[in-house]
Structure formats: C-alpha cells, structure tokens
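A look at the structure
Each chain is listed here by its residues.
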Amino acid sequence: DRIQDDDCKNGFILDGFPRTMEQARKLDELLSKTGERVTRVMALDVPDSILEERICGRWIHKKSGTSYHVKFAPPKSMKLGADGKPDPATMLHDEDGSPLMQRSDDTASALKNRLAGYHKETTPILSHYGPKHTNVVAMVNANQAAANVWEEIESKL
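Criteria and cut-off values
- Here the residue numbering is sequential within each chain, running from 1 through the sequence in written order.
- Whole-chain, interface and lining totals are the exception, using all residues; otherwise, since this is a predicted model, local features are given only for residues with pLDDT of at least 70 and side-chain atom pairs are given and counted only at 80 or more.
- Heavy atoms from the whole structure form the basis of all side-chain values; hydrogens and water molecules are not counted.
- For this analysis, a salt bridge means a side-chain nitrogen from Lys or Arg found within 4 Å of a carboxyl oxygen belonging to Asp or Glu.
- Helix numbering and strand numbering both begin at the N terminus, where a helix is a DSSP run of H or I of at least 4 residues and a strand a DSSP run of E of at least 2.
- Throughout this description, buried means an accessible area under 20% of the type-specific maximum (1.4 Å probe, protein chains only), exposed means over 50%, and partly exposed covers the range between.
- All axes are obtained by fitting lines to C-alpha atoms, using only the stretch in contact for helices, and the reported angles, taken between N-to-C directions, cover 0 to 180 degrees.
- Should an angle lie under 35 degrees it is considered roughly parallel, over 145 roughly antiparallel, and from 65 to 115 roughly perpendicular; all remaining angles are considered oblique.
- When checking whether two residues touch, look at their non-hydrogen atoms; a contact exists if any pair is within 4.5 Å.
- By the convention adopted, Pro, Cys, Tyr, Trp, Phe, Met, Ile, Leu, Val and Ala count as nonpolar, Lys, Arg, Asp and Glu as charged, and the other residues, Gly among them, as polar.
- Residues enter a nonpolar core if they are buried and are Ala, Val, Leu, Ile, Met, Phe, Trp, Tyr or Cys, with the set joined through side-chain atoms within 4.5 Å.
- Cavity means a closed set of points on a 1 Å grid over the protein atoms alone, one where a 1.4 Å probe fits but cannot get out, pocket means an open set with protein on both sides within 12 Å along at least 5 of 7 lines, and lining means a residue has an atom within 4 Å of a point.
- Grid points are joined across faces, edges and corners, and a volume is the space filled by probe spheres set on the points.

**Side note on the pattern of salt bridges**
- Counting across every chain of the model gives eight salt bridges.
- In this structure, Asp 106 and Arg 58 form a salt bridge, with 2.8 Å as the shortest nitrogen-oxygen distance. Of this pair, Asp 106 sits in the loop between strand 3 (66-69) and helix 3 (108-128) while Arg 58 sits in strand 2 (residues 58-61), placing them 48 residues apart in sequence.
- Asp 106 gets classed as buried once you look at its relative accessible area, which sits at 3%.

Right, here's the structure in full:
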C-alpha cells in the first residue's frame, strides 16, 4: 500500500529487500499487478574480509546510540591487549565513561554465518534480475571512501 502514495509515483527504494528468491518473486508478482517492475538493483560489493573488519570492529554506546569503530573511530579510552585486539574493559563512551557493547551478531563467528546466508539466499537475486532484465543490476564498489560509494550510486540510479 505504501508504494501507492504520491511520493512514490516516480519510484521508490527498497533497502535490503528482497533478501531471498521467494521475496523477489513475490515482489515481481506484486509489481506486475500494476504494470510495474524492478528497474534497478544496486549491489554494494565489498570483499568478505573487509566486511569482517568493518563489522567486527563496531562498538556502540547503547544509551546514546553513539557508534565507535576500533579502526575508524575508536573511543579515546581504547587500549590494545597483547593480542593486538581492543581490551573490552577499555572500550568506554567518550562522554560519560560508561561501557560500550558489541552486538551479538557483530562477532567473527556470527558474521561467518550471516555471510553464508547472504551468499546462499541473497546473491542469487542478482542473477534473477541479471541478463533477462537488461541493465537492472548495477554493481557498486563499496570498498572505497563513503563519498565515492555515494557518487557511484548516484551515477547508476
């Protein structure tokens, strides 16, 4: 129903959807009822090893929602242990000194499962919208500075 609103009359973006072939087929079916179709799929391409660095390095301050990253935006208090990894006891919010936390799915083992699911369930969608839908899939190199990723996305919309 939402996609029928006036602000969607020239198109709309579905972020992270569809995630499975079943969802893609249902979306195609739904859109075909109004003579519409998927016209662009933006595939943000990042090597799994880079995703591990990005995701497993995230820490958050739950109360404020402030995000930190051990490499890109570490808290001032961060100290590294003998293994070269951050000592969790030193991961503290810059403003109030309270402990930061990592989401349970931001661990290497959880990420491995998430990526396996992605490759199994989501990657086939690129083929689904591939050759038979000429120029629908746009690959975006997301392994670059955020401003460059955005510029590339804009150029492919």
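Having seen the model, we can carry on.
**Side note on the packing of helix 1 (residues 21-32) against helix 3**
- Taken N-terminus to C-terminus, the directions of helix 1 and helix 3 make an angle of 40 degrees; their axes are 8 Å apart at the nearest point. Relative to helix 3, the element helix 1 lies oblique. Across the interface between the two elements, Met 21, Ala 24 and Asp 28 from helix 1 touch Glu 121, Pro 124, Ile 125 and His 128 from helix 3.
- Here the contact of helix 1 with helix 3 is composed, by residue class, of four nonpolar, one polar and two charged.

**Observations concerning the nonpolar core**
- Listed in full, the nine residues of the largest apolar core are Met 21, Ala 24, Leu 27, Leu 31, Val 38, Val 41, Ile 125, Tyr 129 and Val 136.
- Considering every element that reaches this core, the biggest residue donor is helix 1, with four residues.

**Describing unusual backbone geometry**
- The step from Phe 17 to Pro 18 runs through a cis peptide bond, and the omega angle for that step is 0 degrees.
- Tracing the backbone through its elements, the reader meets Pro 18 in the segment before helix 1.

**Section: the layout of surface pockets**
- Its boundaries defined by the atoms lining it, the largest pocket holds a volume of some 1,900 Å³.
- When contributions to the lining of the largest pocket are tallied by element, the ones reaching two or more residues are helix 1, strand 1 (41-45), helix 2 (48-56), helix 3 and helix 4 (146-156).
- In terms of residue count, the dominant contributor to the lining of the largest pocket is helix 3 (10 residues).
- For the lining of the largest pocket, a count of residues per class yields 29 nonpolar, eight polar and 10 charged.
- Estimates place the volume of the second largest pocket at around 380 Å³.
- Lining the second largest pocket we find 17 residues, and of these Cys 56, Gly 57, Val 70, Lys 85 and Pro 86 sit closest to its centre.
- Broken down by element, the lining of the second largest pocket gets its largest block of residues, three residues, from helix 2.
- Classifying every residue of the lining of the second largest pocket by side-chain character gives eight nonpolar, four polar and five charged.

By themselves, these are just geometric observations and shouldn't be taken as functional.
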